[in-house]
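Observations on the three-dimensional arrangement
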Amino acid sequence: MSEQGINRRQLLASAAAVGGLSLGLSLVPTAAHAAPPADRARRAGATWENIIDKSSFDSLSAFNQEWNYLYPWDGNSDTHNGAARMYSSQVSVSQGVLTLTATRLAAPDGNSPHAPNAPLWYRSGAVHAKEQILVNDQFPEYDIEGEFRTQTGRGIWPAFWTTGTWPAWPPETDILEYVGNSTNLFNTWNKDADGGEIVEREPVEVANPDAWHKYRVWMYKDGDDVMLDYYFDGVWKATHRGVGWAGVPQRLIINLQMGSYASGEPGDSDWDQQVGPSGNTYFRARNVWVGRTRAW
């Protein structure tokens, strides 16, 4: 699937609550998760390389060294499958904090070219890292983390995630994703032998997403696969398997999407009109860090 056509699917609040999915997607049950890693340790500190420093939001010049605006698609890089068109003007950095601002418009600015072709009721922001993520024999481990605070509720859809570079999908790992409520979804997307989409999911209830919390995934190579350990505020939550991910480049994205699946099913009577909050919505990040081990 091309990046241009990537569809993050119907991750509805109701689906998160009951552990199910619409559109006939398969869901790997929570019971299938591995036990928490007991003594799994990083490799020796000297083997680690910084890919993105925690200082990348300290200034605009630091930001420009590490990040690009918009999505990393080939074509239509200002839209995805929600109700927001992305602009660099909706992205700001100040005192080490990245702020993405979604602003409700008086009328839709057309429709997104990505399914489900939501009316574009918002101007918002998205950024992606310039450096790709590539778990392989040379770089067998990656550590990705950041501190985030976000408003949540109907129509609000922030995410901190990776996706395979065009035309590869999966991989996709959602390190932070709130879809219309205050449940963070740690998601790992795979495909079955028939090409059907499978998601392994760990929902985490968060008392106050609009306070600073740390979200982390630790990726490490396991044969042709990539294992993913997910952490929230330093506490291990789940281990997932990215099947066949080794050697597949990925992009890291931070975006504040709006409306669409975070507002309800397409076709609902008010889906295209009442897509989310009025005024401005904010998603903030700080201390985002990416490191990796180098074998040679």
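See the structure printed just above.
Basis of the calculations
- Residues numbered from 1 in each chain as written.
- Predicted model: local features only at pLDDT ≥ 70, side-chain atom pairs only at ≥ 80, totals over all residues.
- Heavy atoms only, no water.
- Helix = DSSP H or I, 4+ residues; strand = E, 2+ residues; numbered from the N terminus.
- Buried < 20%, exposed > 50% of the residue type's maximum accessible area, 1.4 Å probe, protein only.
- Contact = heavy atoms within 4.5 Å.
- Areas by Shrake-Rupley, 256 points an atom, 1.4 Å probe, with all protein chains shown as cover.
- Phe/Tyr/Trp six-rings, centres within 6.5 Å; stacked < 30°, edge-to-face > 60°.
- Lys NZ or Arg CZ within 6 Å of the ring centre and 35° of its normal.
- Core = buried A, V, L, I, M, F, W, Y, C linked by side-chain atoms within 4.5 Å.
- Pairing = 2+ DSSP bridges.
- Polar contact = N/O pair within 3.5 Å; in protein donor to acceptor, adjacent residues only side chain to side chain.

1. Things to note about the overall build of the chain
- Secondary structure summary: the chain contains 2 helices and 18 strands in total.
- Looking at the chain as a whole, 54% of its 296 residues are labelled buried.
- Across the chain, the fraction of contacts at a sequence separation of at least 24, relative to all contacts at a separation of at least 6, is 71%.
- Counting only carbon and sulfur atoms, one obtains 47% of the accessible surface of the chain, whose full area is about 11300 Å².

2. Here's the deal with the packing of aromatic side chains
- Inspection of every chain in the model, using the stated rule, returns 14 aromatic pairs.
- With centroids separated by 5.9 Å and ring planes inclined at 75 degrees, the aromatic side chains of Phe148 and Tyr215 adopt a geometry described as edge-to-face. Residue Phe148 is found in strand 9 (residues 141-150), and its partner Tyr215 is found in strand 14 (residues 213-222); the two are separated by 67 residues along the sequence.
- Each residue in the set Phe148, Phe160, Tyr178, Tyr215, Phe232 and Phe283 is aromatic and connected to the rest through ring pairs, giving one cluster.
- A cation sits over an aromatic face here: Arg104 above Trp121, 4.4 Å from the ring centre.
- Across from the ring centre of Trp212, 4.1 Å away, lies the NZ or CZ of Arg286, which sits over that ring.

3. Regarding the nonpolar core
- Among the nonpolar cores identified, the biggest contains 55 residues, and Trp67, Leu252 and Ile254 are the most heavily contacted of them.
- Per-element accounting of this core gives the leading share, 5 residues, to strand 17 (residues 250-258).
- Here Trp67 is in contact with Ile52, Ser56, Phe57, Val127, His128, Ala129, Lys130, Leu252, Ile254 and Val288, once residues within four sequence places are set aside.
- With 7 residues, the next largest nonpolar core counts Trp48, Trp218, Tyr231 and Trp236 among its residues.

4. Remarks on the pairing of strand 9
- The element strand 9 is extensively covered by neighbouring structure, given that 9 of its 10 residues are classed as buried.
- With 8 bridges joining them, strand 9 and strand 14 adopt antiparallel strand pairing. Across the sheet, the residue bridging to Glu145 is Arg216, located in strand 14.
- Two strands pair when backbone bridges link them, and strand 9 and strand 18 (residues 280-293) are joined in this way by 8 bridges, in the antiparallel orientation. Across the sheet, Phe148 pairs through a bridge with Ala285, a residue of strand 18.

5. A word on the side chain of His128
- Assignment of secondary structure puts His128 in strand 8 (residues 126-129).
- Those residues in contact with His128 that lie beyond four places of it in its chain are Glu66, Trp67, Asn68, Tyr69, Leu70, Tyr71, Pro72, Leu252 and Ile253.

6. Points about the environment of Trp157
- As for its placement among the helices and strands, Trp157 is situated in strand 10 (residues 156-164).
- Owing to a relative accessible area of 1%, Trp157 belongs among the buried residues under this scheme.
- Within polar-contact distance, the side chain of Trp157 engages the side chain of Glu177 at 2.9 Å.

7. Describing the pairing of strand 17
- The buried count for strand 17 comes to 9 of 9 residues, which makes it a mostly enclosed element.
- In this structure, strand 10 lies alongside strand 17, joined through 9 bridges in antiparallel fashion. Paired with Pro158 across the two strands is Leu256, which belongs to strand 17.

8. Some points on the environment of Glu265
- Note that Glu265 resides in the loop between strand 17 and strand 18.
- The spacing of Glu265 and Pro116 is 149 residues in sequence and 9.9 Å in space, taken between C-alpha atoms.

9. Describing unusual backbone geometry
- For the peptide bond that leads from Trp169 to Pro170, omega is -10 degrees, which places it in the cis range.
- Omega for the peptide link from Pro170 to Pro171 comes to 20 degrees, which places this bond in the cis form.
- As for its position among the elements, Pro171 is in the loop between strand 10 and strand 11 (172-177).
- The phi angle at Asp233 is positive, at roughly 50 degrees, despite the residue not being glycine.
- Residue Asp233 is classed as partly exposed on the basis of its relative accessible area, which comes to 39%.
- Here the phi dihedral of Ser260 falls at roughly 50 degrees; this positive angle occurs in a residue that is not glycine.
- Mapped onto the elements, Ser260 comes out in the loop between strand 17 and strand 18.

10. Some points on the environment of Thr173
- If you trace the backbone, Thr173 turns up in strand 11.
- Between the C-alpha atom of Thr173 and that of Trp161, which follows or precedes it by 12 residues, the distance is 5.6 Å.
- Ignoring any residue separated from it by four or fewer positions in sequence, one finds Thr173 in contact with Trp161, Thr162, Asn187, Val217, Met219, Leu228, Tyr230, Trp245 and Gln250.
- In this structure the side chain of Thr173 is engaged in a polar contact, spanning 2.5 Å, whose partner is the side chain of Tyr230.

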